[in-house]
Amino acid sequence: MKKSTIRWHVLAWVAFYVYSCIDEFWDYSGAIKPHRVPLQQSLWLLTSFWVVRAVVFYFCYLVVYPRFLRVNRLPHLAVGLGVAVLLFAGLRASIEEVLFPALLGFHNYTPGTTIQHYVADNFFWSIPTLWFSAALWASERNLHQERENQQLREEKRAAETAFLQAQINPHFLFNTLNLLYGMAYPVSKPLASALLKLAELMRYMLHETAIDQVALTQEIEYVQHYLALYRLRFPDQLFVDFTITGEPAGRQIAPLVLIPFVENALKHGVLDDPAHPVRLQLHVAAQEVVFQVENRISDQQKDTSSGIGLPNLRRRLALSYPGRHQLHIATERGQFTTLLRVAC
């Protein structure tokens, strides 16, 4: 929690506590309400109740809801809320039935109260705390996601504007590529095929990436076209294994998420060693997509283009998949490995 957030939380709790004191001890005419117990004892009990409420509130706010308030973790959420109720009852028992009698000479519940009644009663009193904690956490999470989405839209708009300012008119570009394809086809079918793949790459970058999600099959096709063009640049010197497991059809992913890893491997990896090829492994599981890239590190840089870069990709992933991705990068014994897990 940020300092400003902590400050607002403290002010809110103080305000709620003061309001509770006023409501508990004074009526609307300003007179003190009659109580069965002394005023000082009532104040101690009210304070202990709010301390317990605050502890359970932040147990749910900081632990239970961030970890388990997801569709696929509802059983864990139920267990967490059960623990919160027991924590509520246990803390009240420790303070009001153990600490207060030892230090102040009084307790809250009457002697002979059964454990079942005590837990049931505290379950009732804990419900508002659990509910307010969930409401605040969900509201803050939605606001945070909205700010991130707004920031992502602004960054995307700025990137598109910069790209449009620097690009050739796309219709002119595609028409020219189609013309070159028609001219090249009678002369060299491989050259014509390369021009066609280049046109598809550029069309994908210009058109499909204007939306937040694309079909995973399109992203895979983009990687395959990219590898095909790279093989034309380095004939008989490019050894890349691209394997796909699982069923990518029907799955969605943010556009241009996979290609930076491929670009980085081809830029910095050893490509001409058939015994140690660049390995691209895409696994499509039930609730996530896993993409792992392994390559030996080359001493020479073969491509001077900058690409999107892994640091920028980290930022994109944080904005597109907040809390729903894992990115691991490791270098060991001359081997570079990147592993991306995206929940989608």
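Keep in mind that this is a model prediction, so the values were computed, not measured. (Residues numbered from 1 in each chain as written. Predicted model: local features only at pLDDT ≥ 70, side-chain atom pairs only at ≥ 80, totals over all residues. Heavy atoms only, no water.)

K.L.:
I'd like to hear about the pattern of salt bridges, residue by residue, with values.
P.N.:
Within the structure shown, the criterion is met by four salt bridges. Measuring nitrogen to oxygen at the nearest pair gives 3.2 Å for the salt bridge that ties Arg92 to Glu96. With Arg92 and Glu96 both in helix α3 (residues 74-103), this residue pair falls four residues apart, about one helical turn. Glu96 carries the same exposure label as Arg92, and that label is buried. Of the charged contacts in the structure, one is a salt bridge between Arg279 and Asp241, with a shortest N-O distance of 3.3 Å. Of this pair, Arg279 sits in strand β4 (residues 278-284) while Asp241 sits in strand β2 (residues 240-245), and the two are 38 residues apart along the sequence. (Salt bridge = Lys/Arg side-chain N within 4 Å of Asp/Glu carboxyl O. Helix = DSSP H or I, 4+ residues; strand = E, 2+ residues; numbered from the N terminus. Buried < 20%, exposed > 50% of the residue type's maximum accessible area, 1.4 Å probe, protein only.)

K.L.:
Lay out the packing of helix α7 (residues 216-233) against helix α8 (residues 259-268) in plain terms, naming residues and giving numbers.
P.N.:
Orientation of α7 relative to α8, taken along the N-to-C sense of each, is 20°, at an axis distance of 10 Å. Taken together, α7 and α8 sit at an angle that is classed as roughly parallel. The element α7 and its partner α8 pack so that their crossing is right-handed. Taking contact as the criterion, the partners of Glu219, Tyr222, Val223, Tyr226, Leu227 and Tyr230 in α7 are, on α8, Ile259, Val262, Glu263, Leu266 and Lys267. Counted by class, the contact of α7 with α8 contains eight nonpolar, no polar and three charged residues. (Axes fitted to C-alpha atoms, helices over the stretch in contact; angles between N-to-C directions. Parallel < 35°, antiparallel > 145°, perpendicular 65-115°, else oblique. Left-handed = near helix turned anticlockwise from the far one by under 90°. Contact = heavy atoms within 4.5 Å. Nonpolar A, V, L, I, M, F, W, Y, C, P; charged D, E, K, R; others polar.)

K.L.:
Residue-level account of the environment of Pro248, with values.
P.N.:
Within the fold, Pro248 resides in the loop between β2 and β3 (252-253). Each residue touching Pro248, except ones within four places of it in the same chain, is listed here: Leu216, Thr217, Ile220 and Val284.

K.L.:
Which residues make up unusual backbone geometry, and what values do they have?
P.N.:
Unusually for a residue other than glycine, Leu256 sits at a positive phi of about 60°. Topologically, Leu256 is positioned in the loop between β3 and α8. What makes Leu256 buried here is its relative accessible area of 18%. Backbone geometry places Arg333, a non-glycine residue, at a positive phi of 55°. Its location among the elements puts Arg333 in the loop between β6 (325-332) and β7 (335-343).

K.L.:
Hey, could you go over the packing of helix α2 (residues 39-68) against α3 for me, with residue numbers and the actual values?
P.N.:
Across the interface, α2 lies against α3 with an axial gap of 10 Å and an inter-helix angle of 160°. Here α3 runs roughly antiparallel to α2, going by the angle between their axes. By crossing handedness, the relation of α2 to α3 is classed as right-handed. Within the contact of α2 with α3, the residues separate by chemical class into 21 nonpolar, three polar and three charged.

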